[in-house]
Amino acid sequence: MAELREEDAEQLHQEDANIKGKIIRINNDKMIPTYFVGSLNNTPHLVIFMVKSLKRSVSVSERHVSIQTTLEGLEGLVDLNGAGRKSCPLCPEEKFKACYSHKLRRHLQNLHWKVYVEFEGQKMCICHLPCRQLKSSLGSDQAQGRLVAHYHCVVCSVTIARKTDMISHLKRHINKGETEASYSGSGQAYEIMKELGTNVQLLPNHTTPQKTDTYFSRKMKTNRQLVFCSLAVLAEDRNPLECLDAFGATGIMGLQWAKHLHNSVKVTINDINEACVKMIKENCHLNHIRVEGNRTGRQLDGAGDADSPIASVEVVKMDANVIMHLRPFDYIHLDPFGTAVNYLDAAFRNVRNLGIVSVTSTDAGSLYSKSLNVTLRHYGCQIVRTEYYRELAARMVLASVARAAARCNKGIEVLLAVALEHFVLVVVRVLRGPTQADESAKKLRQLLHCQWCEERVFLKPGSMVEENLYRQLPCQCHGSMPGKTAVELGPLWAGPLFNTGFLRRMLVAAVQHNMEDIQPLVKTLICEADCTTLKPFPVPGYSALSNQGVFGCASSGRKRKTTGEESGNVLKKIKADTSLEHPAFYYSIHRHSIRGMNMPKLNKFLQYLTEAGFRVSRTHFDPTGVRTDATLAQFKEVLTKYSVPTYSSAPQSTEESSPELSRAVWEHHPVYWMKTNPTT
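Worth saying up front: this structure is predicted, and the values here are computed from it rather than measured. (Residues numbered from 1 in each chain as written. Predicted model: local features only at pLDDT ≥ 70, side-chain atom pairs only at ≥ 80, totals over all residues. Heavy atoms only, no water.)

> Any details on the overall build of the chain? Residues and values, ideally.
Counting secondary structure elements, the chain contains 24 helices and 26 strands. Considering the chain as a whole, with its 680 residues, one finds that 49% of them fall into the buried category. Taking as baseline every contact in the chain between residues at least 6 positions apart, the subset at least 24 positions apart corresponds to 63%. Total accessible area on the chain is roughly 33,600 Å²; 50% of this is exposed by carbon and sulfur atoms. (Helix = DSSP H or I, 4+ residues; strand = E, 2+ residues; numbered from the N terminus. Buried < 20%, exposed > 50% of the residue type's maximum accessible area, 1.4 Å probe, protein only. Contact = heavy atoms within 4.5 Å. Areas by Shrake-Rupley, 256 points an atom, 1.4 Å probe, with all protein chains shown as cover.)

Given below as structure tokens:
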């Protein structure tokens, strides 16, 4: 038994999960790992853990000192029987100064042991050592992050601050069947995930960005595929294409670009965190992709491998704003955790002409009118909760993008705007020149929204008196309701949200790369871009799509039977309406339904609006939404015309027995009252 020096004992108190000791075999069956922890008075203490198998013993020997089975084991980390002052093994010196044994015993019992989390007989005590630090908003060079109390997971050794979060974390381990501690060479448990033929390593806490920097979300698969298709379309026009994934995290997006587009793109994956850069390089070697150094040096890390690399990427550790200021790119993708407004100026500063900038925003609280003060601070917009809140969020992000581009004397052409439950994605093409910037700035307008009927209209440019604002609304709520009934929202992007030709090429790219998940979404976007329910054009190289009578725009599998004359009239109408302005926003059929009436099916209602002479299509923003150029009054008129009272399906005997009663009920129905009082 060797004695440890006093400074070695203090170092052991501060170590994480790398304390290793001797292993003694007993009866060729069980293993006893031992290590020695010295106290301040040079009195060593022997700590012994007994386990049932070799695998379990190795895991226990690498566990953190805060994981114990009994209170005696926790108190055994320091010699409480010796004389003199002693330091807490789970607290730094500046937090808990050295004290006598009786006070230290109460400290271990009341602070560390009292709030432990138990898992399979192991108690995870709370730890105050500098194993985990809260990130400082000022940066590492200006201020250090303060220490945070935390727990060490017995399964994957991850650090979690809250007790409730640790309990939920352990439940996920149980649901996955991960009841045995498994460690890799670095002390972390990795999970291999495959998406679009690309393998990436994931940490156990990859879904919680507050606890790890290598964040990965499976819900963003649709977003990654849409970005990939937009890049594939641009790669067809110019070759080679210099593209940047500004926030790499695990690097899956940039790896997919390099693996499937090969020499058509020169991929640069950037991240400011050292752990992310290391993870990206490991994922590159996992996918047989060569890692390049800087563009000037061209230092290759995997050139001597037996397996020849299928592609190459450049991995950079730099701030996103810095790299976008230093180098020009043809394609830039911004996907920070939250809002991207802090990086828009740098993105448009150095992007090449006719290049593409795609922005993903995940700050749903500020985009969807839940945190109005944050919305005003980040986007400079005044908004309220509306039925079309998802499209309102997309237009708000586009307004910020247009302003950032205009500050750099650049304009934008919106190619794609998608707002789903967990993200908002906008893809724009950059048009250089002050003239293009002025044209984009003219499309930023205020929106007048009626809070009674939710009718809306973009205000015409120019100043006007406040009383005249209500005259621009098609509804008559201001004349029939007291007070102010409308609010002014914005500024918002008032131009179109889609480019039909670009979306068609994206669909071709999705078919070529077997992205079946986003094909229905892209089809819906194509129909929404033209505001029609009929798209009889084929897709090259994919005969299955061209065999559909209605090109994927109807939700049901039934085909509408139309004569040659009817289909010809519809095609003529579509051709005539292609030059018309794209209808802004949409109406929810459920929001404007009539109480006591059965509405028609959504596909039938689209047909009724088309027969009434309006442009109409479904929208991806809302499954019950209808995009149309009809006003709200015209929308409700068609909806009322084809709605049926709920009691019309009652037994016939009741109606025949008392026809006067049925007449009286119908006269008191709201629809009958609306028809007889059209001016109210």
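More follows now that the structure is in view.
> Before we move on, can you summarise the pattern of salt bridges with the specific residues and values?
Tallied over the entire structure, the rule returns 18 salt bridges. Across the pair Asp 237 and Arg 505 runs a salt bridge whose closest N-O atoms are separated by 2.9 Å. In this pair, Asp 237 is assigned in helix H6 (residues 221-237) and Arg 505 in helix H16 (residues 500-512), connecting sequence segments 268 residues apart. Here Asp 237 falls in the partly exposed class, since its relative accessible area comes to 48%. Judged by relative accessible area, which is 30%, Arg 505 ranks as partly exposed. One salt bridge in this structure joins Glu 528 and Arg 627, with 2.6 Å as the shortest N-O distance. Of this pair, Glu 528 sits in helix H17 (residues 519-530) while Arg 627 is found in strand S25 (residues 625-628), placing the two residues 99 residues apart along the sequence. A residue is classified by how much of its surface remains accessible, and Glu 528, at 0% relative accessible area, is buried. You can call Arg 627 buried: its relative accessible area is 0%. Taken together, the salt bridges that share partners define one network made up of Arg 238, Glu 242, Asp 330 and Arg 352. (Salt bridge = Lys/Arg side-chain N within 4 Å of Asp/Glu carboxyl O.)

> Mind laying out H17, listing which residues take part and the relevant values?
For H17, which comprises 12 residues, the first-to-last C-alpha distance of 17 Å matches the rise-based estimate of 16 Å (1.5 Å per residue) to within 8%. With respect to burial, H17 is a largely interior element, 10 of its 12 residues being buried. Looking at H17, one finds that the buried residues are Gln 519, Leu 521, Val 522, Lys 523, Leu 525, Ile 526, Cys 527, Glu 528, Ala 529 and Asp 530. (Expected span 1.5 Å × (residues − 1).)

> Go over the confidence of the model for the chain with me, naming the residues and quoting the values.
Averaged over all residues, the pLDDT of the chain equals 77, while 70% of them reach at least 70. Contacts from residues 135-145, a stretch scored under 50 in pLDDT, to residues over four places away or in other chains number seven contacts. Predicted confidence for residues 540-579 stays below pLDDT 50, and this span has 43 contacts to residues more than four positions away or in other chains. (pLDDT = per-residue confidence, 0-100.)

> Before we move on, can you summarise the pairing of strand S15 (residues 329-334) with the specific residues and values?
The buried count for S15 comes to six of six residues, which makes it a mostly enclosed element. Bridging between strand S11 (residues 241-245) and S15 involves three bridges; their strand directions are parallel. Looking at the pairing, Cys 243 lines up with Tyr 331 of S15. Viewed along the sheet, the connection from S15 through helix H10 (residues 344-349) into strand S16 (residues 351-361) turns out right-handed. (Pairing = 2+ DSSP bridges. Right-handed = clockwise from strand over helix to strand, strands pointing away.)

> An account of the environment of Phe 216 is requested, with residue identities and associated values reported.
Its place among the elements puts Phe 216 in the loop between strand S10 (198-202) and H6. In this structure the C-alpha to C-alpha distance between Phe 216 and Leu 203, which are 13 residues apart in sequence, comes to 9.1 Å.

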